[in-house]
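For reference, the chains in residue letters:
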Amino acid sequence: MRCRLQRRKLGLTGPEVSAIGLGCMGMSDFYGPADDGESITTIHAAFDADINIFDTADFYGMGHNEMLLGRALKGKRDQVVISGKAGKSRGPDGVLFGFDGRPATVKNSLAYSLKRLGMDYIDVYRPTRLDPPVPIEETAGAVADLIKVGNVRHLGLSEMPAETVQRAHTVTPVTDLQIEYGLLTRGPEKNILPSLRELEVSVTAYGVLSRGLISTAAVEGQLEEQPAPRLSGDNLKKNVELVRTLAEIAKGRGITVAQLAIA
C-alpha cells in the first residue's frame, strides 16, 4: 500500500501536488556521474512514496534529463505533475552562457521538451531566470499562448525577484516561484515571501538541505569540502557548527537533522 503525503495546491489555479517533490537535475548534470538505471529506480521509488511532482529542465544534461524522466514515467502521465524549465543557454561543451526569454525561444524549447518527454503537455512551465533585455510580460505571454492551446497548463517562475513575479502575474496567473529557500538560505523572507503571500503565489523551495550541508555526514565530520562558498574553508567549519546545533534539536525529537530542516 502506498503512503499518503500531504498535498498542497500551487497558487490559486495550479495543480495539487505532494508537499515534497523530486528534483531530477542531479540525475543528468552538475553533481558528478549518475547511473540511468539507478535514477529510474529512484523516480519509481518516489512515485511509490506518493510523490507526484517531478522537476526537470531542457538544459539538464542538454535533453538527457527529460528523456530519462519520460522513460521512467511512461504509463503514469495522468498520475504525475511535470515541472519543466527552459531559457538557459549552453554550448556543445556544456558551458552555460546566458538566458533567453524571447517568446519564439520559449515556444521552440517547449516543442522539443514535449518530444523528449514523450508527452503532449507540461503541467507547470517556467523560464529558469530573467532575461534582462526581454520584458517578463513577453515571456509570460508566450507561456500564456501555450496554455491557450493546451501544451502547458500553468505558468511558474524560477529565481526571480518579487517585482518580476508581480508583472508576470498581470499577464497570466503565476502558480509558484521556484527558489532556493531553507534554514540556511533565508534571503527570500525579507521581500519575496511577503509579496508572494499577497499574490497568493506558492513557493517551491529547492536546496532545503543546502547542497548536503544539512546532513548526518556534516554532523559526523564526514562532509568533504566542495567549490561552493558555503562548503569550503572557514565557511564550512562555521556552517557545520550550525548544523550540529540543529542536530541536537533533531535528536530531542527522535528525527534526523535533514527531517528537521525539511519540516
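This write-up is about the structure you can find in this document. This one's a predicted model, so the numbers in the text were calculated from it and none came from an experiment.

To continue, consider the overall build of the protein chain. The helix and strand inventory of the protein chain stands at nine helices and 11 strands. At a minimum sequence separation of 6, the contacts of the protein chain that also span at least 24 residues come to 68%. Measuring between centres, the 31 positive side-chain charges of the protein chain sit 2 Å from its 32 negative side-chain charges.

Listed in full, the buried residues belonging to helix α5 (residues 162-169) are Ala162, Thr164, Val165 and Ala168. Taken down its axis, α5 places every buried residue within 160 degrees of arc, on the same side. Where α5 is buried, its residues contact α4 (136-149), β9 (152-158), β10 (174-180) and α6 (192-199).

What follows concerns the pattern of salt bridges. Tallying each qualifying case throughout the model produces 15 salt bridges. Ionic pairing is found between Glu241 and Arg244, a salt bridge with its closest N-O pair at 2.9 Å. Of this pair, Glu241 and Arg244 both sit in helix α8 (residues 233-252), separated by three residues, roughly a single helical turn.

The relative placement of two packed helices comes down to the angle between their axes together with the axis-to-axis distance. Packing of helix α1 (residues 36-48) against helix α2 (residues 64-72) leaves a shortest axis separation of 10 Å and a crossing angle of 55 degrees. In terms of orientation, α1 lies oblique with respect to α2. Our pair here, α1 against α2, has a crossing hand that is right-handed. Every residue of α2 that contacts α1 at Asp36, Ser39, Ile40, Ile43 and His44 is listed here: His64, Leu68, Leu69, Arg71 and Ala72. Looking at the contact of α1 with α2, its residues break down into five nonpolar, three polar and two charged.

Its identity is not glycine, yet Met62 carries a phi of approximately 50 degrees, on the positive side. Structurally, Met62 can be placed in the loop between β4 (53-57) and α2. You can call Met62 partly exposed: its relative accessible area is 45%. Of note in this structure, Arg211 is not a glycine but carries a positive phi near 55 degrees.

To continue, consider the environment of Phe59. Examined against the element boundaries, Phe59 turns out to sit in the loop between β4 and α2. As for Phe59 and Gly182, which are separated by 123 residues in sequence, their C-alpha atoms are 25 Å apart. The contacts of Phe59, once residues within four sequence positions are left out, are Asp29, Lys85, Lys88, Arg90 and Thr128.

Turning our eyes to something else, we now look at empty space enclosed by the protein. Over the atoms a probe the size of a water molecule is rolled, and this reveals where empty space is left. Scanning the model with the defined rule gives one cavity of 30 Å³ or more in all. The volume enclosed by the largest cavity comes to roughly 50 Å³. Elements represented by at least two residues in the lining of the largest cavity include exactly β8 (122-127) and α4. By residue number, the principal contributor to the lining of the largest cavity is β8, which donates three residues. Its residues assigned to classes, the lining of the largest cavity comprises five nonpolar, three polar and two charged.

Scanning the entire structure with this criterion turns up one aromatic pair. When the ring of Phe59 is compared with that of Tyr60, the centres are 5.1 Å apart and the planes differ by 80 degrees; the resulting orientation is edge-to-face. Side by side, Phe59 and Tyr60 carry an identical accessibility label, which is buried. A cation sits over an aromatic face here: Arg77 above Tyr121, 4.0 Å from the ring centre. Over the aromatic face of Tyr121 sits the side chain of Arg153, whose NZ or CZ is 3.7 Å from the ring centroid.

Further remarks concern the sheet that holds strand β5 (residues 81-86). Backbone hydrogen bonds are what pair the strands of a sheet, in a parallel or an antiparallel way. In space, the seven strands of this open sheet follow the order β3-β4-β5-β8-β9-β10-β11, with parallel pairing throughout. Lying at the two open borders of the sheet, with one neighbouring strand each, are β3 (22-23) and β11 (202-206). Alignment of β9 against β10, held across three bridges, turns out to be parallel. Within β10, the residue paired with Ser158 across the bridge is Gln178. Packed on one face of the sheet, α4 meets β8 and β9 and runs near 160 degrees to β9. Each of β9 and β10 is contacted by α5, which is oriented at about 160 degrees to β10, the strand it contacts most.

All right, on to the pairing of β8 then. With respect to burial, β8 is a largely interior element, six of its six residues being buried. Pairing geometry for β5 and β8, over four bridges, is parallel. The residue bridging Ala86 from the neighbouring strand is Pro127, located in β8. With respect to chirality, the unit in which β8 leads through α4 into the neighbouring parallel β9 is right-handed.

Criteria and cut-off values
Residues numbered from 1 in each chain as written. Predicted model: local features only at pLDDT ≥ 70, side-chain atom pairs only at ≥ 80, totals over all residues. Heavy atoms only, no water. Helix = DSSP H or I, 4+ residues; strand = E, 2+ residues; numbered from the N terminus. Contact = heavy atoms within 4.5 Å. Lys, Arg positive; Asp, Glu negative; His and termini not counted. Charge placed at Lys NZ, Arg CZ, Asp CG, Glu CD. Buried < 20%, exposed > 50% of the residue type's maximum accessible area, 1.4 Å probe, protein only. Arc of directions from axis to C-beta. Salt bridge = Lys/Arg side-chain N within 4 Å of Asp/Glu carboxyl O. Axes fitted to C-alpha atoms, helices over the stretch in contact; angles between N-to-C directions. Parallel < 35°, antiparallel > 145°, perpendicular 65-115°, else oblique. Left-handed = near helix turned anticlockwise from the far one by under 90°. Nonpolar A, V, L, I, M, F, W, Y, C, P; charged D, E, K, R; others polar. 1 Å grid on protein atoms, 1.4 Å probe; cavity = no way out; pocket = protein on both sides within 12 Å on 5 of 7 lines; lining within 4 Å. Points joined across faces, edges and corners; volume = space filled by probe spheres on them. Phe/Tyr/Trp six-rings, centres within 6.5 Å; stacked < 30°, edge-to-face > 60°. Lys NZ or Arg CZ within 6 Å of the ring centre and 35° of its normal. Pairing = 2+ DSSP bridges. Right-handed = clockwise from strand over helix to strand, strands pointing away.

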